[in-house]
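# Close look at the chain arrangement
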Amino acid sequence: MNRTKHAEPIWPLRLFKKSVLKQRKYKELTEALGETTTLHCLDIGADNGVISYLLRQRGGQWKSADLDQTTVETIQDLIQEPVFQIDDRPTPFADNEFDRVAVIDFLEHIHNDEAFIRELHRIVKPHGRVVLNVPHIKPTLLRKIRLAIGQTDEKHGHLRPGYTLGDINRILGDHFQVVSEKTYSKFFSECIDTLITFAFDLLKRGKRTSAKGLVVTGKDLKQYQKIFTMYSLLYPIIWTISKLDTALFFTSGYMLLVVAQNKKDANA
């Protein structure tokens with residue numbers, strides 16, 4: 001039976017509830033976005049669409065967009081709404097259309113991130129805010145291990161390895177002012193993600209990936225149902241290991257989250 005527009009999507013929520021990193025990402029994004037009930041918002045780069053779906057449950061008027069046709073179709077199937085395919089060129093959105101824009105793991109995938117920031121400046125309202133979620137550049141042993149086992153930037157569709165806060169300030173230029181910044185997702189959580197990605201890469205070896213890297217879909221969940229079931233049984237252990245990140249209070253995380261406010265003059 002096909003899912004109707006109002007039926008709850010099952011497979012993406014099942015994956016979300018068993019992903020330490022996706023849950024943490026969603027928590028950080030929602031805290032950064034604040035209350036959205038009365039706002040017009042846009043999410044960009046929401047992977048398999050579960051974040052797009054969950055953000056809509058918080059209220060507000062939402063639109064969604066992503067880079068690759070495969071991910072666009074995956075998100076569209078989940079939220080049952082049109083999803084826009086965009087890159088670093090002009091978008092189809094109107095001037096001053098949005099109060100909030102969440103840019104989720106997208107900047108590192110596009111060629112001209114500065115041009116994209118200028119486009120955000122155009123479509124975000126005066127004093128509106130953008131939330132940028134990007135990989136945080138950390139020259140660590142874990143990164144060397146990832147590269148050694150084939151988890152390269154190219155494999156994940158990254159045109160650059162990530163950003164520092166200085167990099168973000170540079171590309172924001174005179175268009176946005178940083179309001180807050182933080183890093184999250186530390187060594188233990190990232191180690192778990194590295195192992196899971198490595199295992200899934202083995203399962204999907206030889207299969208084409210999208211411009212956003214590997215995106216897990218409902219078809220994958222059905223195909224590898226027994227493996228996902230085994231992973232679910234191990235999840236309490238995985239969750240416990242991830243909590244060891246709290247002991248690493250003296251280190252920065254592998255993800256950088258920046259909230260920036262549009263400097264656009266309301267009278268311009």
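This one's a predicted model, so the numbers in the text were calculated from it and none came from an experiment.

### Looking at the overall build of the protein chain
Each helix and strand counted, the protein chain has 10 helices and 7 strands in total. Counting over 268 residues, the protein chain shows a buried share of 50%. Within the structure as shown, the protein chain displays about 13600 Å² of accessible surface, and the carbon and sulfur contribution to it stands at 57%.

### Some thoughts on the sheet that holds strand S5 (residues 124–135)
The 7 strands are arranged S3-S2-S1-S4-S5-S7-S6 in an open sheet whose pairing can be described as mixed. The strands lining the two open edges of the sheet, one partner per strand, are strand S3 (84–85) and strand S6 (176–184). Bridge count for strand S4 (residues 98–104) against S5 is 6 bridges, and the pairing is parallel. The partner of Ile 104 across the bridge, within S5, is Asn 133.

### Some points on the nonpolar core
Grouped together as the largest cluster of nonpolar side chains are 29 residues, with contacts concentrated most on Ile 44, Val 101, Val 103, Leu 107, Phe 116, Leu 120 and Ile 168. At the level of secondary structure, the elements contributing two or more residues to this core comprise strand S1 (40–44), S4, helix H5 (113–123), S5, helix H7 (165–172), S6 and strand S7 (255–262). For Val 101, the residues in contact, after removing those within four places along its chain, are Leu 42, Ile 44, Leu 120, Val 124, Arg 129, Val 130 and Val 131. Counting 27 residues, the second-largest nonpolar core is a separate cluster that includes Leu 39, Cys 41, Leu 78 and Ile 104.

### Some details on the pairing of S4
A regular strand places its side chains on the two faces of the sheet in alternate fashion. When you tally the buried positions in S4, you get 7 out of 7 residues, the bulk of the element. In terms of strand pairing, S1 meets S4 through 4 bridges, oriented parallel. Across the sheet, residue Cys 41 finds its bridge partner in S4, namely Arg 100. With respect to chirality, the unit in which S4 leads through H5 into the neighbouring parallel S5 is right-handed.

### Quick notes on the environment of Asn 262
With respect to the secondary-structure elements, Asn 262 resides in strand S7. A relative accessible area of 1% means that Asn 262 is categorised as buried. It is 6.5 Å that separates the C-alpha atoms of Asn 262 and Gln 177, two residues lying 85 residues apart in sequence. Setting aside residues no more than four positions away along its own chain, Asn 262 makes contact with Leu 120, His 121, Val 124, Lys 125, His 127, Gly 128, His 175 and Phe 176. A distance of 2.7 Å separates a polar atom in the side chain of Asn 262 from a polar atom in the side chain of His 121.

### Comments concerning the pairing of S7
Among the 8 residues in S7, 7 count as buried, and that is most of the element. Pairing of S5 with S7 involves 7 bridges; the strand directions are antiparallel. Among the inter-strand pairings, Asn 133 is bridged to a residue of S7, identified as Leu 257. Where S6 lies against S7, 8 bridges are found, and the strand directions are antiparallel. Bridge assignment links Thr 183 to a residue of S7, and that residue is Leu 256.

### Overview of the packing of aromatic side chains
Under the criterion given, the structure shown has 6 aromatic pairs. Residues Phe 84 and Phe 93 carry aromatic rings whose centres are separated by 4.9 Å and whose planes lie at 75° to one another, so their mutual orientation is edge-to-face. Note on Phe 84: relative accessible area 28%, which makes it partly exposed. Seen from their ring centres, Phe 187 and Phe 188 are 5.4 Å apart, and the 80° between their planes marks the pair as edge-to-face. Given a relative accessible area of 25%, Phe 188 falls into the partly exposed group. Three or more aromatic residues link up through ring pairs in this structure, and these residues are Phe 84, Phe 93 and Phe 98. One Lys or Arg, Lys 138, reaches over the ring of Tyr 254 and ends 5.2 Å from the middle of that ring.

### Regarding the packing of helix H2 (residues 20–33) against helix H3 (residues 50–57)
At a minimum axis separation of 11 Å, H2 and H3 run at an interaxial angle of 40°. Between H2 and H3, the interaxial angle falls into the category oblique. For the pair H2 and H3, the sense of crossing is right-handed. Along its contact with H2, which presents Lys 25, Tyr 26, Leu 29, Thr 30 and Leu 33, the element H3 presents Ile 51, Leu 54 and Leu 55.

The rules behind each value
Residues numbered from 1 in each chain as written. Predicted model: local features only at pLDDT ≥ 70, side-chain atom pairs only at ≥ 80, totals over all residues. Heavy atoms only, no water. Helix = DSSP H or I, 4+ residues; strand = E, 2+ residues; numbered from the N terminus. Buried < 20%, exposed > 50% of the residue type's maximum accessible area, 1.4 Å probe, protein only. Areas by Shrake-Rupley, 256 points an atom, 1.4 Å probe, with all protein chains shown as cover. Pairing = 2+ DSSP bridges. Core = buried A, V, L, I, M, F, W, Y, C linked by side-chain atoms within 4.5 Å. Contact = heavy atoms within 4.5 Å. Right-handed = clockwise from strand over helix to strand, strands pointing away. Polar contact = N/O pair within 3.5 Å; in protein donor to acceptor, adjacent residues only side chain to side chain. Phe/Tyr/Trp six-rings, centres within 6.5 Å; stacked < 30°, edge-to-face > 60°. Lys NZ or Arg CZ within 6 Å of the ring centre and 35° of its normal. Axes fitted to C-alpha atoms, helices over the stretch in contact; angles between N-to-C directions. Parallel < 35°, antiparallel > 145°, perpendicular 65-115°, else oblique. Left-handed = near helix turned anticlockwise from the far one by under 90°.

That's the geometry; what it means functionally is another story.
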